[in-house]
Amino acid sequence: MTTGTPPLASPLLGEPYLLTPGPLTTSANVKRAMLKDWGSWDEEFRALTREMRTSLLALTGDENDVLDCVPMQGSGSFSVEAMLGSFVPRDGKVLVLSNGAYGQRIAQTLEYLSRDHTVIDKGDYMPPRGEEVTEALIADPSISHVVIVHCETSSGILNPVKEISDAVYAQGRKLLVDSMSAFGAVPLDIKDVRYEAMVSSANKCIEGVPGFGFIIARKDELEAAKGRSHSLCLDVHAQWAHMNKTGQWRFTPPTHVVVAFVEALRAHLAEGGVAGRGARYTKNRDVVVEGLRDLGFETLLKDRWLSPIIVTFFCPEDPKFNFDQFYDLMKAKGFIIYPGKLTVVASFRIGCIGQMDEHVMRGVVNAAKETLSEMGVATATPPKKALIERAKLAA
Ligand SMILES: Cc1ncc(COP(=O)(O)O)c(C=O)c1O
């Protein structure tokens, strides 16, 4: 089935599409924005930093002006570490809700920071639920903060962030959110979902290139973070205070990346903001899920837990299927897919984010069909073990 939506332009130099959760395929305009050099102290660049911070805040639904946005050099994990080190007091205690690699990384980061913490570990992909968070908070009054991953990119599950936020604040505790792969495409409106701080990065749903992340936090929490950070470079309060005073980043900013990101933010707005971006990604996901299911592939998650960000598929049971060969043959057809991260069964992932649309996703399905036939795989049906694993996930 084709629709009337005109196709997006294909990658500028004919490189393969990145069906990955970032770095991802970016537009020609975003790439072209990086051709010019900028003085980091110059008013023109400072104006772009201001525009960026204001545009990001406009995506949060913050009508009462309680939030501010602090960009931070480095990859997304740098911003996660900056958030944890700046907003969790040294005598605080964190409950980490972990259901994949990024939840585990949060716990590991807290270990490095010597911040007391406890983990509800749901394994590879089971969602944390409000009730168990309530129980854990009642059982341990010393827990001051809860951290949740919005979309756990390792499985693609969209965690029930509102349910968790309601449970956290009903117990008078504070929520921090890693919305790295979801922010900008999945709503996270401060009026619906209360949080103290959240992080995301330039190379996810806003469709910029990698080089920095950003923390969006309540201004009262930013004030309270003064002097708390373990790190000179990752001190969110210090970056915030300096930026508000001078309009400049504290240390060398990734100038070209920032300018590309501002271009990406303008395109995000033109596409209809979070709703428009989310609609394209949702269509991408629906086309690829439907098409691959028709070939016999099965998703790890039931439909209600599927994010519009990335989807995990089980590898087929057929002994002729070999992931490395599948990867190479898909790449030769113009599509870079992503290995799976499940510990129990073999899987792979297809990202739905970046400069791609339903036309591209139909191309992915056709490429997968051809590739299976080149490999001599008759059907993509997964092993029984995979379906038994999936049955654990209550509807
Ligand atoms: C949910 C989540 N958190 C953290 C990260 C880490 O970001 P980075 O790899 O940019 O350090 C990622 C990266 O994909 C992610 O998806």
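As a reminder, the structure under discussion sits directly above these lines.
Residues numbered from 1 in each chain as written. Predicted model: local features only at pLDDT ≥ 70, side-chain atom pairs only at ≥ 80, totals over all residues. Heavy atoms only, no water.

Student: So what about the site of the ligand? Which residues, and what values?
Tutor: Taken together, the residues surrounding the ligand are Ser75, Gly76, Ser77, Tyr102, Arg105, Val149, Cys151, Thr153, Asp178, Met180, Ser181 and Lys204. Ser77 has a polar side-chain atom sitting 2.6 Å from an oxygen atom of the ligand. Within the side chain of Thr153, one N or O atom sits 2.5 Å away from an oxygen atom of the ligand. Residue assignment for the shell around the ligand shows that the elements contributing at least two residues are α3 (76-87) and α4 (101-113). (Near = heavy atom within 4 Å. Polar contact = N/O pair within 3.5 Å; in protein donor to acceptor, adjacent residues only side chain to side chain. Helix = DSSP H or I, 4+ residues; strand = E, 2+ residues; numbered from the N terminus.)

Student: Run through the pattern of salt bridges, naming residues and quoting values.
Tutor: In the structure shown here, the tally under the stated rule is 24 salt bridges. Between Lys31 and Glu15 there is a salt bridge whose closest N-O contact spans 3.8 Å. Taken as a pair, Lys31 in helix α1 (residues 28-32) and Glu15 in the segment before β1 (17-18) lie far apart in primary sequence, 16 residues in all. In this structure Lys31 comes out as partly exposed when scored by relative accessible area, which is 21%. Among the ionic pairs, Glu63 bridges to Lys191, the shortest N-O distance being 3.4 Å. Of this pair, Glu63 sits in the loop between α2 (43-57) and β2 (67-73) while Lys191 sits in the loop between β8 (174-178) and β9 (197-201), placing them 128 residues apart in sequence. Through salt bridges with shared partners, one network takes in Arg194, Glu196, Arg218 and Asp220. (Salt bridge = Lys/Arg side-chain N within 4 Å of Asp/Glu carboxyl O. Buried < 20%, exposed > 50% of the residue type's maximum accessible area, 1.4 Å probe, protein only.)

Student: So what about the packing of helix α9 (residues 255-270) against helix α10 (residues 273-294)? Which residues, and what values?
Tutor: At a minimum axis distance of 7 Å, the contact between α9 and α10 shows a crossing angle of 85°. By the angle class used here, α9 and α10 are roughly perpendicular. Along the contact surface, α9 presents Ala267, His268 and Leu269, while α10 presents Gly273, Val274 and Arg277. Across the contact of α9 with α10, the residue classes break down as three nonpolar, two polar and one charged. (Axes fitted to C-alpha atoms, helices over the stretch in contact; angles between N-to-C directions. Parallel < 35°, antiparallel > 145°, perpendicular 65-115°, else oblique. Contact = heavy atoms within 4.5 Å. Nonpolar A, V, L, I, M, F, W, Y, C, P; charged D, E, K, R; others polar.)

Student: Could you give an account of the packing of α10 against helix α12 (residues 358-375), with specific residues and numbers?
Tutor: How two helices sit against one another is set out by the angle between their axes and by the gap between those axes. Packing of α10 against α12 brings their axes to within 8 Å, and their N-to-C directions diverge by 20°. Taken together, the axes of α10 and α12 are roughly parallel relative to one another. Handedness of the α10/α12 crossing: right-handed. Residues Lys283, Asn284, Val287, Val288, Gly291 and Leu292 of α10 touch α12, and the partners they reach there are Glu358, Met361, Arg362, Val364, Val365 and Ala368. (Left-handed = near helix turned anticlockwise from the far one by under 90°.)

Student: Give me the lowdown on helix α13 (residues 384-391), citing residues and values where you can.
Tutor: Among the residues of α13, those classed as buried are Ala386, Glu389 and Arg390. For α13, the buried positions fall inside an angular range of 95° around the axis, keeping them on one side. Residues Lys384, Lys385, Ile388 and Ala391 are exposed on α13 and point more than 90 degrees away from its buried face. Packing partners of the buried residues in α13 comprise β11 (310-314). (Arc of directions from axis to C-beta.)

Student: Any details on the packing of aromatic side chains? Residues and values, ideally.
Tutor: Evaluation of the coordinates by the stated rule reveals 13 aromatic pairs. With centroids separated by 6.4 Å and ring planes inclined at 70°, the aromatic side chains of Phe297 and Phe313 adopt a geometry described as edge-to-face. With Phe297 in the loop between α10 and β11 and Phe313 in strand β11, this residue pair connects regions lying 16 residues apart in the sequence. We classify Phe297 as buried; its relative accessible area is 1%. With relative accessibility at 0%, the residue Phe313 sits in the buried group. Among the aromatic residues, those joined into a ring-pair cluster are Phe297, Phe313, Phe321, Phe323, Phe326, Tyr327 and Phe348. Here the guanidinium or amino end of Lys36 rests over the ring plane of Trp38, the centre of that ring lying 4.5 Å away. (Phe/Tyr/Trp six-rings, centres within 6.5 Å; stacked < 30°, edge-to-face > 60°. Lys NZ or Arg CZ within 6 Å of the ring centre and 35° of its normal.)

Student: Residues and numbers for the nonpolar core, please.
Tutor: In terms of nonpolar packing, the biggest core is built from 49 residues, with Leu56 and Ile216 touching the most fellow members. If one sorts the elements of this core by residue count, α9 sits on top with eight residues. With residues up to four places along the chain from it excluded, the contact list for Ile216 reads Leu56, Leu57, Thr60, Leu67, Asp68, Cys69, Phe183, Tyr195, Glu196, Ala197 and Met198. (Core = buried A, V, L, I, M, F, W, Y, C linked by side-chain atoms within 4.5 Å.)

Student: Give me the lowdown on the sheet that holds strand β14 (residues 347-351), citing residues and values where you can.
Tutor: Reading across the sheet, the three strands line up as β11-β14-β13 and stay open at both edges, with antiparallel pairing between neighbours. At either end of the open sheet lies a strand with only one pairing partner, and these are β11 and β13 (338-339). Judged from the five bridges that link them, β11 and β14 form a sheet pairing that is antiparallel. Pairing of Phe313 across the sheet is with Phe348, part of β14. (Pairing = 2+ DSSP bridges.)

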